[in-house]
Amino acid sequence: MSTTTSGAAEVELAIGGMTCASCAARVEKKLNRMDGVEATVNYATEKARVTFREDISVADLIATVEATGYTAREPEPVRPAAEPGGAPAAEEADDLRPLRQRLTTAVVLAVPVIAMAMVPALQFTYWQWLSLTLAAPVVTYAAWPFHRAAWTNARHGAATMDTLISVGTAAAFLWSLWALFFGSAGTPGMTHPFGLTIARSDGAGNIYLEAAAGVTAFILAGRYFEARSKRRAGAALKALLELGAKEVTVLRGAREVLVPVAELKAGDRFLVRPGEKIATDGKVVEGSSAVDASMLTGESVPVEVGVGDGVTGATLNAGGRLVVEATRVGADTQLARMAKLVEDAQNGKAAAQRLADRISGVFVPVVIALALGTLGFWLGNGAGLTAAFTAAVAVLIIACPCALGLATPTALMVGTGRGAQLGILIKGPEVLESTRKVDTIVLDKTGTVTTGRMTLLAVHTAEGTAATDVLRLAGALEHSSEHPIAQAVAAGAAARVGTLPAPEDFANVPGLGVQGVVDGHAVLVGREQLLAEWAMSLPDDLRRAKETAEAAGRTAIAVAWDGEARAVLEVADAVKETSPEAIRRLRALGLTPVLLTGDNRAVAEAVAAEVGIEPEHVIAEVLPQDKVDVVKRLQGEGRSVAMVGDGVNDAAALAQADLGLAMGTGTDAAIEAGDVTLVRGDLRVAADAIRLARRTLGTIRSNLFWAFAYNVAALPLAAAGLLNPMIAGAAMAFSSVFVVGNSLRLRGFQAADR
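The name given to the protein in an unreviewed UniProt entry is Heavy metal translocating P-type ATPase, with Streptomyces bangladeshensis as the source organism. Of the comments in the UniProt record for the protein, the one headed Sequence similarities (unreviewed entry) reads "Belongs to the cation transport ATPase (P-type) (TC 3.A.3) family. Type IB subfamily." The heading Subcellular location (unreviewed entry) in the UniProt record of the protein holds the text "Cell membrane".

A. Highlighting the nonpolar core. The biggest cluster of nonpolar side chains holds 48 residues, and the ones touching the most others in it are Leu443, Leu661 and Leu683. Among the elements that line this core, the one with the most residues is helix α26 (residues 684-719), at 10 residues. Once residues lying within four places of it in the same chain are set aside, the contact partners of Leu661 are Ala642, Met643, Val644, Gly645, Leu654, Val676, Leu678, Ala686 and Ala689.

B. Just the packing of aromatic side chains, in detail. Tallied over the entire structure, the rule returns two aromatic pairs. Judged by centre distance (5.3 Å) and plane angle (75°), the rings of Trp129 and Phe181 are edge-to-face. Taken together, the residues Trp129 in helix α5 (residues 127-142) and Phe181 in helix α7 (residues 161-181) connect sequence positions 52 residues apart. Here the aromatic rings of Phe377 and Trp378 are separated by 5.6 Å at their centres, their planes lie at 75°, and the arrangement is edge-to-face.

C. Representation of the environment of Leu654 in the model. The residue Leu654 is located in helix α24 (residues 651-656) in this model. Taking the C-alpha atoms as reference points, Leu654 and Val644, 10 residues apart in sequence, are found 7.1 Å from one another.

D. Inspection of the sheet that holds strand β25 (residues 641-645) at higher detail. The strand order across the open sheet built from seven strands is β15-β27-β26-β25-β16-β23-β24, with neighbouring strands paired in mixed fashion. Edge positions in the open sheet fall to β15 (424-426) and β24 (618-619), since each of these has one partner strand only. Where β25 and strand β26 (residues 659-663) come together, four bridges link them in parallel fashion. Looking at the pairing, Met643 lines up with Gly660 of β26. On the sheet, helix α23 (residues 627-636) packs against β16 (440-444), β23 (592-596), β24 and β25 and is oriented at approximately 160° with respect to β25.

Rules of the game
- Every chain begins its residue count from 1, and numbering advances along the sequence as written.
- In keeping with the predicted nature of the model, local features appear solely for residues at pLDDT of at least 70, side-chain atom pairs appear and are counted solely at 80 or more, and the whole-chain, interface and lining totals rest on all residues.
- In computing side-chain values, all of the structure's heavy atoms are included and hydrogens and water are not.
- UniProt positions are given in the numbering used here, feature names are shortened, and annotations may be inferred rather than shown by experiment.
- Grouping buried Ala, Val, Leu, Ile, Met, Phe, Trp, Tyr and Cys residues that are joined through side-chain atoms within 4.5 Å yields what is termed a nonpolar core.
- Here the term buried applies to any residue with accessible area under 20% of the maximum for its type, exposed to any over 50%, and partly exposed to those in between, with areas from a 1.4 Å probe on protein chains only.
- Helix numbering and strand numbering both begin at the N terminus, where a helix is a DSSP run of H or I of at least 4 residues and a strand a DSSP run of E of at least 2.
- By the convention used here, residues are in contact when the closest approach between their heavy atoms is within 4.5 Å.
- Between rings of Phe, Tyr and Trp, where Trp is taken as its six-membered ring, a pair exists when centres lie within 6.5 Å; planes separated by under 30 degrees are stacked, by over 60 edge-to-face, and by other angles tilted.
- Being paired, for any two strands, means DSSP has found at least two bridges between them.
- Between N-to-C directions, angles cover 0 to 180 degrees, with each direction set by a line fitted to C-alpha atoms, over the stretch in contact for helices.

Here you go:
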């Protein structure tokens, strides 16, 4: 999967053969040594993202990776299991089978070896030879991946974590062979007491088969659970793809043809029956229905759609029969773009992860040097070959930087995956770093804090006039007009009084309003000037209502019939019901909300007062091209700025902000410019997104702390001869499992309104 932009190309490669973070660091270093190449390699996803000059071929990149001792290929597009060409679930499950088989072998055979070494009562006359028989398959067959990787690395002049495991287990096993065949350890009746400290002796009577077998079993267990966690953490991407329909009924003239979704083309018209999933993004050309989009947006209330309305692929038709014209297919659909955002985020690297990778890259040679130094120190101090050798092997085993390499990618994958389930799409790991520093959040008014469409908010009637009569007559007349304000009145009237009568003699009066006859009444709806032309004026109470509405930035519409002014209607872009609560939640996170709009100040301050933003934090009458300057000015004041917007005119400001949050209900330009996409048009999700990002970053930091602390604390103990190699291996494997488990806690993150 490769793309080309402005003289540079980008490709994503699937890397095979990596067994630890050191492997990833090594591949990345080798690729970056190529002139004109920038690469990041992620151990958790086993992928490399490479940007390179156009005169370099993908084959050159693959050859470089293979020369390093690993495999590389362009990955196949991820497809649902049921889609033609998609891998069946059983086949996917086989990915873990070889590792599971080796783990099972290691555990079954290592347990009795460890038991006999630890419990003197089990050490019968020839117990040591049974231990050798059981341990041999563990150190050879079960540990073979470690030995193979170590040999490959050695041929390329490198050392990785597998080198540590292979050297440590092989050394323990070979020492035991020497002690059994050439020392006194093979003597019938030999006993071998177990202890946490090293008992110094000449070594001829000591065997470390339990260390070789136990370390292999512990590390294989850690690798197996790591592999499972990577699959579980990345499950959000597969779940997103599984949401889509698999087949679609396409209309070919008068015929209905059932075809796979992959064959659907833009412009095709397809049928969606009640209860079926909508196959792809499109526009309704026939019928009306309620569409359940909860699987994509988390919004529980179905959305009413009719002719001309857009619908999204993978949503459920909960009502009537629809005919939809496909507008986006394949990788262009919202579902596919959501999946790509999740995958992109999981493939990226945060600054903390780059630090961990650099440390892992130099860690192995340092540890091998430390092990040799430990061996030499104990030998030089007369501790005996056994004590010196055991301490050196413990250093090799306990130093494996598994937890260090997994600290960031596992937390990032789980966090971004959970976000996708909640309708929060985090584009990249660097976004997490931004959320920690943000202290100001700039909110675009229209479509973000408000609904973005005109709505009938209030009806003020003259004495003796019923509101239902006003709505029925004015709504019927406005229904025939295409003006957005007229449509708002008609929609509000229909929602409150039901079916509207048909008008007669309808006429549009340019710039003033509309007139016509409804139910035998001559009706005028529009500006006050329209009434004045018919020698009518507003009574004092309606005039005051009109002036109050206009002072609040709302549009006031006069209604008259049969020669008398009867009512004033208020129309405005309504504040979303959830916006005041969202502002409270953002404040609770330590953020200062700022309202930004191109509307006049009266409108802006009225909206700000309704949602709880102070007048001094309202920036109004801003031209679209000047929004980015507002963000720059705030940044110039020393603030770290987040921006929430949904329109094309917000795109530059979203890109300029330290953290850009784009409403998924908005335009493509805004979504592309933002760092985080909020699938639902609910501002409360912005607070959830910042909470989730901060929680994920906190998990990464705690993972890195414990990984560093573990190595810093354990290495001196091992070098001092205070840790048995088997205990060291168990502790090392536990540190990796701890990191994975800590990361998986993010799966329990809940939105505040759930």
